[in-house]
Amino acid sequence: MTLSPQPPDGQADTEAVRICQDLLRIDTTNPGDGTGPGERPAAEYVAAQLAEAGIEPLVVEAAPRRTSVLARVAGTDPVRAPLLVHGHLDTVPFDAADWSRHPLSGDLYDGCLWGRGAVDMKGAVATTLALVRSWARTGRRPRRDIVLAFLADEESTGEFGARFVASRHREHFADCREAIGESGGFSVPARPGAGADGDGARVYPVAVGERGTAWMNLTTTGTAGHGSRSGTDNAVSTLVHALSALAAHSWPTRLTPPVEALIAELERILGTVIDRDRLEAEAVRLGRVGELFATTVRNSATPTVLQAGRKVNVVPCSAHAQVDGRFLPGTREEYLTTVERLLGPGVVREFINLEEAPSGDHSGPAFEAMTAALRAEDPAGHPVPYLMSGGTDAKTFARLGIACYGFAPLLLDPGLHYQRMFHGVDERVPVAGLGFGVRVLDRFLGTY
Ligand SMILES: [Zn+2]
């Protein structure tokens, strides 16, 4: 049986809201240092939602309370490779004093569910669960087998989530060739100042890749001694000179195929010419849609941590820094060579995290099916490819040879700024947007 074009039964929308609200009320903040409450209660909740729908959950723990849930839903076409749908259960921390409503309240207010994780990404987890539960009620089925992964620890390194299941439960993903996950399929008003309906134009970025990650520890050493002595063998001086060279470097523009495609699409949608020689300025001019390429036209190396010395008149024997490096698909070797050259001799570099930049196909059948599903639910919408500036669990699954897309469809009011709510204050998701997500996901999984 293939899916009819009708949306899933009305109960799915209601369930998406209920499940999202329930998840928002479970604290899964992940500070990244092991002090968080863990994902276990959220994972148990998800497992129960699946079991109730006759889907057998596999609950796994990488460490006490660091819990993930895996499951599989049978499709109608066993010839097609299964599709992985992954989402994370953890959230970044919050400071409740800064929020208008408590970040664990799950309050339904002003048409939105409020709470940490509303857009990143308990809303999408709820959408997926509501959809598979709706399939179970109605007998509808996806076309491919769907492999579900609801994961711990995405907001840190994924060591207790995606990386754990990818290594210890690899068989679960063995036949997956493609995956969808967070950070794509959300709506962005095409023009600055667009109203509720605006001029109708919404852009839906679908992520087809990510910049790679090169998080570095830098260490310099020298001769310890009295601060009054002058000398060149000073660990602090060596480090700040190296960091200064790195921070001052102007990374060249590199237009990767998906970003070039994005810019060309935006030119067509907006009826404007985007100057390739001044892309940062053009990104500012274009406002919200400009943000979709502002940080993915070049590599970056941002110093973030600096540690050295304990007393003003004592030269320490070592100095330490950390740098958050990001590189575009296909530029890894060039990037690492440049970093090495800029840092110069005398700086020991270790990688805290070095992960390849995954890059998918923005013109293949998977991308086509995602854009068709979005257009069917929003005929005035313009799906476009884009690259993610940062990283997600997609990097881990890409290492298994799975082509990963950022596609967690969500319709937002023009006033809600998706990227700013990510890890931001007053994170919230419109309940109508969740229903939209269920329907788009249903169309995609039903036809692809
Ligand atoms: Zn996320």
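Residues numbered from 1 in each chain as written. Predicted model: local features only at pLDDT ≥ 70, side-chain atom pairs only at ≥ 80, totals over all residues. Heavy atoms only, no water.

1. Considering the confidence of the model for the protein
Working step 1: Per-chain confidence: the protein averages 93 in pLDDT, with 96% of residues scoring 70 or above.
Working step 2: The model gives residues 1-5 a pLDDT under 50, and that stretch makes eleven contacts with residues more than four places away or in other chains. (pLDDT = per-residue confidence, 0-100. Contact = heavy atoms within 4.5 Å.)

2. Observations regarding the coordination of the zinc ion
Working step 1: Of the protein atoms, only H88 (NE2), D120 (OD), E182 (OE) and E182 (OE) coordinate the zinc ion, at distances of 1.8 to 2.6 Å.
Working step 2: Metal-centred angles of 54 to 159 degrees between the four donor atoms at the zinc ion mark the site as irregular.
Working step 3: Within one chain, the residues serving as donors to the zinc ion are arranged as H-x31-D-x61-E. Here D120 is found in helix α3 (residues 118-138), whereas its partner E182 is found in the loop between β7 (178-181) and β8 (188-189), with 62 residues between them in sequence. One exposure class covers both D120 and E182, and it is buried. (Donors = N, O, S within 2.8 Å, 3.2 Å for Na, K, Ca; no water. Tetrahedral: all angles 85-135°; square planar, octahedral: opposite > 155°, others 65-115°. Helix = DSSP H or I, 4+ residues; strand = E, 2+ residues; numbered from the N terminus. Buried < 20%, exposed > 50% of the residue type's maximum accessible area, 1.4 Å probe, protein only.)

3. Observations regarding helix α5 (residues 235-248)
Working step 1: In this model, α5 (14 residues) spans 20 Å end to end at C-alpha, consistent with the 20 Å of a helix rising 1.5 Å per residue.
Working step 2: If you check which residues of α5 are buried, you get A235, L239, A242, L243 and L246. Take α5 and look down its axis: the buried residues cluster within an arc of 100 degrees, on one side only. Along α5, exposed side chains directed more than 90 degrees from the buried face belong to H241 and A248.
Working step 3: For α5, the secondary structure elements touched by its buried residues are β10 (212-221), β12 (300-308), β14 (318-327) and α9 (332-343).
Working step 4: The backbone nitrogen of V236 has a side-chain oxygen 2.8 Å away, supplied by the residue at the start of α5, namely N234. (Expected span 1.5 Å × (residues − 1). Arc of directions from axis to C-beta. Polar contact = N/O pair within 3.5 Å; in protein donor to acceptor, adjacent residues only side chain to side chain.)

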